[in-house]
Amino acid sequence: MKRSLSALALAAAASLALAACGSAADGSTQKPGASAAPGAQVPAAVAQAGKFTVCVNIAYPPYEFFKTGTQEPDGSDIEIAAAVAKHWGVPVEYSNIGFEGLIAAVNARKCHASISGMSPLPKRLEGASFVVYQQNGSLIMVPKGNPGGVTDLETLSGKRVGVMLGSSQSKVLEEASADLEKAGKAKITIATYPKDTDAPAAMVAGKLDAYFAAGPSIMGRVKQAPDSFEVVGDLQRPELLAAVTRKDDKEMLAALSTTFKQLYSNGRMAEILEKWDMSKEALPDSLQGEIRE
């Protein structure tokens, strides 16, 4: 999936750590030493720290965002991280990092893991290990009334399309544009943006014909501004979302795998996904907690 901050913007965003010890996104009030759930597999590093520190990119609603007028993080990934921490009997702490810097932050031990909607792409697997917890697909958003007549990726030929920098959607657009050129059609003019909020603003300003992003993010934008935007076409290119761990941290990798399976089996994951209109993005049993190395 998704998004990033540019290298220049990364330094400004990487230092913001957001504690959620008193009131986690799922409404819990976990304190260090609270009892872990029965059968919980708590990593030693988390137990020793007395908290679960998670690197996230808080710039991609409805996965991660700040509640209006506050510095309080919210969203599906925020709640999933809080659910993991609650399952382990510790509070959660979020560290806000640019998307492109998440793997580097995990490897630099700035957090125990990252839960921020990252897809386990081959290139990313070179530098980190992943644990699958959700799936999603991408959607196309256009100005209300669809003046460009867009229906799918092929009809983006010759159009100006926004996408988040470093996201898997940007790769899909590049491949679609190359296929169009091979077929003798006009390529897609791709405009990348560091934040999910930038492309919709550019569309309102008449600078874009469409925006291509993760399904829930697009649905959230349309829900917020139904008079300005609409969704066209079907879900494009479903993909997996996974937590990120260091390659040498086998204990964290195994613990997250077990925990995601337990959160699915006890119904907590279903509750979170339903709340954020993501029930269709639940994983089949065979993929829950799957490890990718």
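A brief report on the enclosed structure follows. Numbering of residues starts from 1 in each chain and follows the order in which that chain's sequence is written. Only residues with pLDDT of at least 70 get local features here, since the model is predicted, and only at 80 or more are side-chain atom pairs given and counted; chain-wide, interface and lining totals rely on the full set of residues. For the side-chain quantities, the full set of heavy atoms in the structure was used; hydrogens and water were omitted.

### A few points about the overall build of the chain
Put simply, the test is: Helix and strand assignments follow DSSP, with helices taken as H or I runs no shorter than four residues and strands as E runs no shorter than two, numbered in order from the N terminus. Throughout this description, buried means an accessible area under 20% of the type-specific maximum (1.4 Å probe, protein chains only), exposed means over 50%, and partly exposed covers the range between. In what follows, a contact means two residues having at least one pair of non-hydrogen atoms within 4.5 Å. We get accessible surface area from the Shrake-Rupley algorithm with a probe of 1.4 Å; when it comes to residues, only the shown protein chains can shield them.
Helices and strands together make up the secondary structure of the chain, namely ten helices and twelve strands. Looking at the chain residue by residue over its 293 residues, the buried ones come to 54%. Nonlocal contacts in the chain, meaning residues at least 24 apart in sequence, comprise 81% of its contacts between residues at least 6 apart. If you sum the accessible surface of the chain, you get close to 12,200 Å²; carbon and sulfur atoms cover 53% of it.

### What about the packing of aromatic side chains?
Aromatic rings in a pair are described by how distant their centres are and how their planes are angled relative to each other. Let me state the cut-off plainly: Planes of paired rings set the category: under 30 degrees apart is stacked, over 60 is edge-to-face and the rest tilted, where pairs are Phe, Tyr or Trp rings (Trp by its six-membered ring) whose centres lie within 6.5 Å.
In total, this model carries four aromatic pairs according to the counting rule given. With 5.8 Å between their ring centres and 75 degrees between their planes, F65 and W276 make a pair best called edge-to-face. Linking F65 in strand 3 (residues 65–66) with W276 in the loop between helix 10 (268–275) and strand 12 (291–292), this pair joins segments that are 211 residues apart in sequence. Between Y133 and F260 the ring centres are 5.4 Å apart and the planes differ by 35 degrees, which places this aromatic pair in the tilted class. With Y133 in strand 7 (residues 129–143) and F260 in helix 9 (residues 250–265), this pair connects stretches of sequence that are 127 residues apart. Neither residue differs from the other here; Y133 and F260 are each classed as buried.

### Topic: the pattern of salt bridges
For clarity, the cut-off: Criterion for a salt bridge: a side-chain nitrogen of Lys or Arg within 4 Å of a carboxyl oxygen of Asp or Glu.
Overall, the coordinates contain 14 salt bridges when judged by the stated rule. A salt bridge links E93 to K51; the shortest N-O distance between them is 3.2 Å. Here the residue E93 occupies a position in strand 5 (residues 92–96), and K51 occupies one in the loop between helix 2 (44–49) and strand 2 (52–56), the gap between them amounting to 42 residues. Given a relative accessible area of 17%, E93 falls into the buried group. In this structure K51 comes out as partly exposed when scored by relative accessible area, which is 27%.

### Description of helix 6 (residues 168–182)
Note the threshold: What a helix is expected to span follows from its residue count: subtract one and scale by 1.5 Å.
Here helix 6 contains 15 residues, and its C-alpha end-to-end distance of 21 Å stays within 8% of the 21 Å for a straight helix at 1.5 Å per residue. Within helix 6, the full set of buried residues consists of S168, Q169, S170, V172, L173, A176, S177 and L180. Check the buried side of helix 6 and you find it contacts strand 7, strand 8 (160–164), strand 9 (189–193), strand 10 (210–214) and strand 11 (229–245). Two residues or fewer after helix 6 comes G184, characterised by a positive phi angle close to 80 degrees.

### Here's the deal with helix 10
Test applied: Note: the arc covers the axis-to-C-beta directions of the helix.
All buried positions along helix 10 are accounted for by R268, M269, I272 and L273. Each buried residue of helix 10 lies within a common arc of 130 degrees when the element is viewed along its axis, so the set occupies one face. Of the surrounding secondary structure, the elements contacted by the buried residues of helix 10 are helix 3 (76–88), strand 7 and helix 9. The positive-phi residue at the C-terminal boundary of helix 10 is D277, with phi of around 60 degrees.

### Notes on the packing of helix 3 against helix 10
To keep things clear, this is the line we draw: Orientation is described by axes fitted as lines to C-alpha atoms, over the contacting stretch for helices, and by angles from 0 to 180 degrees between their N-to-C directions. Small angles under 35 degrees read as roughly parallel and large ones over 145 as roughly antiparallel, with 65 to 115 read as roughly perpendicular and the rest as oblique. Crossing handedness is defined as follows: a turn of the near helix away from the far one that is anticlockwise and smaller than a right angle gives a left-handed crossing, while the clockwise case is right-handed. When residue character is reported, Ala, Val, Leu, Ile, Met, Phe, Trp, Tyr, Cys and Pro are called nonpolar, Asp, Glu, Lys and Arg charged, and the others, Gly included, polar.
Two numbers describe how helix 3 lies on helix 10: the axes approach to 10 Å, and their chain directions differ by 160 degrees. By the angle class used here, helix 3 and helix 10 are roughly antiparallel. Note on packing geometry: the crossing formed by helix 3 with helix 10 is right-handed. Listed contacts from helix 10 to S76, E79, I80 and A83 of helix 3 are R268, M269, I272 and K275. The residue makeup of the contact of helix 3 with helix 10, split by class, is four nonpolar, one polar and three charged.

### Details of the side chain of Q236
Tracing the chain through its elements places Q236 in strand 11. Those residues within four positions of Q236 in sequence are excluded, and the remaining contacts are G137, S138, D152, L153 and F212.

### Topic: the state of the cysteines
Note the following rule: Two cysteine sulfurs form what is called a disulfide whenever their separation falls within 2.5 Å.
In the structure shown here, the tally under the stated rule is one disulfide. Paired by a disulfide, C55 and C111 hold their sulfur atoms 2.1 Å apart. The sign of the -110 degrees torsion about the S-S bond sets the C55-C111 disulfide as left-handed. Taken as a pair, C55 in strand 2 and C111 in the loop between helix 4 (102–107) and strand 6 (113–118) lie far apart in primary sequence, 56 residues in all. A relative accessible area of 0% means that C55 is categorised as buried. Take C111: its relative accessible area is 6%, and that puts it in the buried class.

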